[in-house]
Amino acid sequence: MEYRRLGRTDLNVSLICLGTMTWGQQNTEADGHAQMDYALDQGINFFDTAELYSIPPRAETQGSTERFIGSWFKARGSRDKVILATKVIGRSDNTWFRDDGSKGELSRAQVEEAVNKSLKRLQTDYIDLYQIHWPDRPMPWGSNPTIYRHMEGPSHPIDETVEIMTDLVKAGKIRHFGLSNESAWGTMTFLKHADAKGQARVQSVQNAYNLLNRTYEVALAEVSMRENVSLLAYSPLAQGYLTGKYLDGARPAGSRTTLFNRGQRYENPTAEAAIRKYIALAKEFGLDPAQMALAFVNSRPFLTSNIIGATSMEQLKTDIASIDVTITPELEERINAIHVEHCNPCP
């Protein structure tokens, strides 16, 4: 296993991060424990979760994934072997996260309630990386989030959020903090306020990054390189679409799109054409399509850790083995040719 430095911290995290969001709906507690056992044995020291999980968001399963990790820590006594990342929700209309039924927001009271609940579920007294799952301010989510449309609405100032995170670091509840689903402007604004006052600095951004969505390269990759803000890439297989298992409308039993019908982001004619070409390219080079897609993400210089999610041990073993696949200059040139032809069909 390869290890890379997380932001400007003294933590070295595994190139592969174990994602956990299926635990609690698609996967049982026993499944989660088995995955953590195997991942740790393979040299993975970085686990990612969230107060939101499992996915899709439901009041009755909220926090289940953190509880599974907590019970594993208790059973194995392995807390000191894991760099643990979790998340607090951003602004949300969901009311089941907070005891008083409030809608989600990044007020001091809500953040403190969230971190205390996560610590209890995780059965630990500290979190290594505490991430803001999505911004508190209005953002142009929708059919094409890469086209910026200015939106006004309630939000907490970023400098206040930096102060809250700094206080959590001082209290010993978290070691560092990061962002998720964030923009270049948002990331730089967090950094600006932290640097101006000597407060806790953003160490990472967890955003989608895969062969169908390379929008991180447009602006945020430079932020990662120049400011030492680590990319933690999620959806490296585009929710499994890059394996080809959903081509021609196929719906394999037990798969996420089959169960939850949440894959619309990856369902359009341009995406399907690109997927077919990437799969054909992998086969031409004698590679497993999933491993080629993961190896591409692994090979990016602005990438610190690649967050994989698996619902079976077979998938987990295949995904972790992507660390042994090399993206040669010839293969990268061919990948980039497909990217130019079908540029970011699933932003």
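Described below are features of the structure shown in this document.

Reading the values: rules and limits
Residues numbered from 1 in each chain as written. Predicted model: local features only at pLDDT ≥ 70, side-chain atom pairs only at ≥ 80, totals over all residues. Heavy atoms only, no water. Axes fitted to C-alpha atoms, helices over the stretch in contact; angles between N-to-C directions. Helix = DSSP H or I, 4+ residues; strand = E, 2+ residues; numbered from the N terminus. Parallel < 35°, antiparallel > 145°, perpendicular 65-115°, else oblique. Left-handed = near helix turned anticlockwise from the far one by under 90°. Contact = heavy atoms within 4.5 Å. Nonpolar A, V, L, I, M, F, W, Y, C, P; charged D, E, K, R; others polar. Pairing = 2+ DSSP bridges. Expected span 1.5 Å × (residues − 1). Buried < 20%, exposed > 50% of the residue type's maximum accessible area, 1.4 Å probe, protein only. Arc of directions from axis to C-beta. Polar contact = N/O pair within 3.5 Å; in protein donor to acceptor, adjacent residues only side chain to side chain. Phe/Tyr/Trp six-rings, centres within 6.5 Å; stacked < 30°, edge-to-face > 60°. Lys NZ or Arg CZ within 6 Å of the ring centre and 35° of its normal.

**So, the packing of helix α4 (residues 158-170) against helix α5 (residues 184-197)**
Item 1. At a minimum axis separation of 9 Å, α4 and α5 run at an interaxial angle of 60 degrees. What the angle tells us is that α4 and α5 run oblique. Like other packed secondary-structure pairs, α4 and α5 cross with a definite hand, here right-handed. In contact with Ile-158, Asp-159, Thr-161 and Val-162 of α4, α5 contributes Trp-185, Gly-186, Thr-189, Phe-190, His-193, Ala-194 and Lys-197.
Item 2. The residue makeup of the contact of α4 with α5, split by class, is five nonpolar, four polar and two charged.

**Section: the environment of Ile-323**
Item 1. Relative to the helices and strands, Ile-323 is located in the loop between α10 (313-320) and α11 (329-341).
Item 2. Taking the C-alpha atoms as reference, Ile-323 lies 8.0 Å from Ile-16; in sequence the two are 307 residues apart.
Item 3. Those residues in contact with Ile-323 that lie beyond four places of it in its chain are Met-1, Leu-15, Ile-16 and Asn-298.

**What about the sheet that holds strand β8 (residues 202-208)?**
Item 1. Strand order in the closed barrel made by the eight strands is β3-β4-β5-β6-β7-β8-β9-β10, with parallel pairing throughout. In this sheet, neighbouring strand axes are inclined to one another by 30 degrees on average, regardless of whether the strands run parallel or antiparallel.
Item 2. Sheet analysis places strand β5 (residues 83-88) next to strand β6 (residues 127-132), joined by four bridges and oriented parallel. Bridge pairing in β6 links Val-88 to Ile-132.

**Thoughts on helix α8 (residues 269-284)**
Item 1. Taking 1.5 Å as the rise per residue, α8 with 16 residues should run 22 Å; its terminal C-alpha atoms sit 23 Å apart, in good agreement.
Item 2. Along α8, the residues that are buried comprise Ala-271, Ala-274, Ile-275, Tyr-278, Ile-279, Leu-281 and Ala-282. Down the axis of α8, the buried side of the element spans an arc of 160 degrees, and every buried residue falls inside it. For α8, the exposed residues lying more than 90 degrees away from the buried face are Pro-269, Lys-283 and Glu-284.
Item 3. Where α8 starts, the residue carrying a side-chain oxygen 3.1 Å from the main-chain nitrogen of Thr-270 turns out to be Asn-268.
Item 4. Positive backbone phi, approximately 70 degrees, marks Gly-286, located one or two places after α8.

**Digging into the packing of aromatic side chains**
Item 1. Summed over all chains, the structure comprises nine aromatic pairs.
Item 2. Here the aromatic cluster, defined as three or more aromatic residues joined through ring pairs, consists of Tyr-209, Tyr-216, Phe-296 and Phe-302.
Item 3. Note that Arg-79 overlies the ring of Tyr-126, its terminal NZ or CZ placed 4.1 Å from the centroid.
Item 4. Its guanidinium or amino end placed over the ring of Phe-296, Arg-300 lies 4.1 Å from that ring's centre, counting from NZ or CZ.

Shape descriptors only; they carry no functional weight alone.
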